[in-house]
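What follows is the residue order along each chain.
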Amino acid sequence: MGDPGGIGPEVVVKALADRGVRGLARFVIHGAADAMHEAAQAAGVEPFWWEARRGSALVETARSHEVVVIDDRDDDRTGYARAANRVAGELSFRWVEDAIASARLPEGDPMRADAIVTGPVSKEAWSLAGRGRYPGHTELLATRFGAKRHAMMFVGPRLRVVLASAHVPLMDLRNVLTIGRVYDAIDLGHDACIRLGIARPRVAVCGLNPHAGEQGLLGDEEERLIAPAIRIAAEQGMDVHGPFPADTIFNAAVGAPGRPARFDLVVAMYHDQGLIPVKLLFRDESVNVTLGLPMVRTSPDHGTAFDIAGKNRADAGSMKAAIRLAARMAQGESEGRRADSEHPEPLPGRHPRP
């Protein structure tokens with residue numbers, strides 16, 4: 001559900017109120033049932049879910065229902081603070097842990113999750129709850145699943161972006177960015193594009209500095225770190241180019257009427273470099289995907305939006321898109337596992353890290 005005081009409950013209710021979305025899978029929502037009811041009442045939506053307390057006998061009965069809310073709180077409350085706070089931080093963190101536990105259940109278990117779709121959380125609230133070690137979902141999921149490498153990818157209607165670094169302060173980038181990290185973003189993003197149906201992904205890589213370093217005049221990271229990663233990826237058969245100035249390459253990736261897109265994926269070096277164009281062009285349509293996990297995880301492209309929470313003003317478009325993509329990718333993962341069992345050789349697009 002995400003933070004119960006944010007717009008997470010509202011976008012979950014509105015997304016699953018759409019029967020076309022609800023029919024894609026069976027949904028288990030880890031969250032607060034009262035926050036769901038509050039959001040449904042404000043939106044004029046008739047409740048459509050079954051509720052059960054975690055650990056109760058009703059959970060067994062709930063397995064057969066289309067949408068189930070598993071509520072693990074010991075108290076009933078109405079209304080949540082529309083700001084970052086410790087209680088909501090602990091709740092939202094615990095619900096993610098519950099979702100992860102569901103995803104780690106063995107194949108065949110009726111409560112096993114084939115994909116996780118996360119509602120928005122407050123990083124400040126997680127910190128207030130003593131969970132500041134994890135800047136967000138991505139880092140927590142990567143830790144819990146033991147992912148040796150991972151990346152954030154944003155999938156929009158006409159733009160796909162993967163980040164070489166995510167929740168890192170700008171002043172720390174120089175100590176974080178490496179050839180391997182840039183390569184991982186290229187490789188993981190390339191593989192994800194193949195799994196999304198792009199047989200031969202065309203990948204563009206951003207520079208870090210203005211004008212992509214201007215041949216070393218404005219910084220040497222392009223020559224020292226980014227270009228070597230591109231060369232290694234190209235040597236392994238990927239159609240990858242760059243580094244390009246970040247202020248122009250996104251136009252080439254999006255395209256325009258009469259001007260087809262030249263690239264299927266852009267690799268950005270840091271969070272805002274990649275997300276500003278995504279959110280400017282395709283807000284409420286894009287989906288955040290965590291790459292490198294052994295299962296599917298998606299989320300909307302927005303935050304908790306405390307300023308509009310509880311006012312029935314949230315757009316559920318990105319949550320719907322996140323659910324649709326999760327269902328599509330989970331189906332593909334299932335088919336891929338069957339193919340792997342029949343043909344154990346590596347799938348195309350998967351390359352070892354240099």
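Our subject is the structure listed above.
A few points on the structure. (Residues numbered from 1 in each chain as written. Predicted model: local features only at pLDDT ≥ 70, side-chain atom pairs only at ≥ 80, totals over all residues. Heavy atoms only, no water.)

### Some words on the pairing of strand S11 (residues 296–300)
Among the five residues of S11, five are classified as buried, and the element is accordingly described as predominantly covered. Neither face of S11 is open: one carries Val-296, Thr-298 and Pro-300, the other Arg-297 and Ser-299, and all of them are buried. Here strand S4 (residues 115–117) pairs with S11 via three bridges, running parallel. Across the sheet, the residue bridging to Val-117 is Thr-298, located in S11. Note: strand S10 (residues 287–291) against S11, three bridges, orientation antiparallel. Bridging from a neighbouring strand, Asn-288 pairs with Ser-299 of S11. Connecting the antiparallel pair S10 and S11 is a turn made up of four residues, with Gly-292 showing a positive phi of about 95°. (Buried < 20%, exposed > 50% of the residue type's maximum accessible area, 1.4 Å probe, protein only. Helix = DSSP H or I, 4+ residues; strand = E, 2+ residues; numbered from the N terminus. Pairing = 2+ DSSP bridges.)

### Notes on the sheet that holds strand S2 (residues 50–53)
Taken in spatial order, the three strands of this open sheet run S1-S3-S2, and their pairing is parallel. The sheet terminates laterally at strand S1 (27–30) and S2, the two strands that pair on one side only. Sheet twist, expressed as the average angle between the axes of neighbouring strands with direction ignored, equals 25°. Two strands pair when backbone bridges link them, and S1 and strand S3 (residues 67–71) are joined in this way by four bridges, in the parallel orientation. Looking across to S3, one finds that Ile-29 is bridged to Val-69. (Axes fitted to C-alpha atoms, helices over the stretch in contact; angles between N-to-C directions.)

### Here we look at the side chain of Asp-264
Looking at the secondary structure, you find Asp-264 in the loop between helix H11 (246–254) and strand S9 (265–268). Setting aside its immediate chain neighbours within four residues, Asp-264 contacts Arg-160, Cys-193, Ile-198, Arg-200, Pro-201 and Arg-202. (Contact = heavy atoms within 4.5 Å.)

### Description of the packing of aromatic side chains
The full count for this structure, using the stated rule, is four aromatic pairs. Here Phe-48 and Trp-49 contribute two aromatic rings whose centre-to-centre distance is 5.1 Å and whose plane-to-plane angle is 90°, an arrangement assigned as edge-to-face. Trp-49 shares its class with Phe-48; the two are buried. The ring of Phe-48 carries Arg-22 above its face, with NZ or CZ at 4.6 Å from the centroid. (Phe/Tyr/Trp six-rings, centres within 6.5 Å; stacked < 30°, edge-to-face > 60°. Lys NZ or Arg CZ within 6 Å of the ring centre and 35° of its normal.)

### Structural notes on helix H12 (residues 271–282)
End to end, H12 covers 16 Å across 12 residues, agreeing with the expected 16 Å (1.5 Å per residue, within 8%). Every buried residue of H12 is listed here: Gln-273, Gly-274, Leu-275, Pro-277, Val-278 and Phe-282. Where H12 is buried, its residues meet strand S5 (151–155), strand S6 (160–163), strand S7 (202–206), H11 and S9. In the stretch just after H12, Asp-284 is the one whose phi turns positive, near 65°. (Expected span 1.5 Å × (residues − 1).)

### Remarks on the side chain of Ser-92
Structurally, Ser-92 is set in helix H5 (residues 86–103). Here Ser-92 falls in the buried class, since its relative accessible area comes to 1%. A distance of 3.0 Å separates the side chain of Ser-92 from the side chain of Trp-126, its partner in a polar contact. (Polar contact = N/O pair within 3.5 Å; in protein donor to acceptor, adjacent residues only side chain to side chain.)

### Concerning the pattern of salt bridges
Summed over all chains, the structure comprises 15 salt bridges. The partner of Glu-10 in a salt bridge is Lys-14, and the shortest N-O contact between them spans 2.6 Å. Placement of the pair is Glu-10 and Lys-14 together in helix H1 (residues 8–17), with a separation of four residues, close to one helical turn. The salt bridge involving Asp-187 is made with Arg-149; its shortest N-O contact spans 2.6 Å. Note that Asp-187 is positioned in helix H9 (residues 179–195) and Arg-149 in the loop between helix H7 (137–144) and S5, a separation of 38 residues in sequence. By relative accessible area, Asp-187 is classed as buried at 1%. A single salt-bridge network, built from bridges that share partners, covers Glu-107, Arg-112 and Asp-114. (Salt bridge = Lys/Arg side-chain N within 4 Å of Asp/Glu carboxyl O.)

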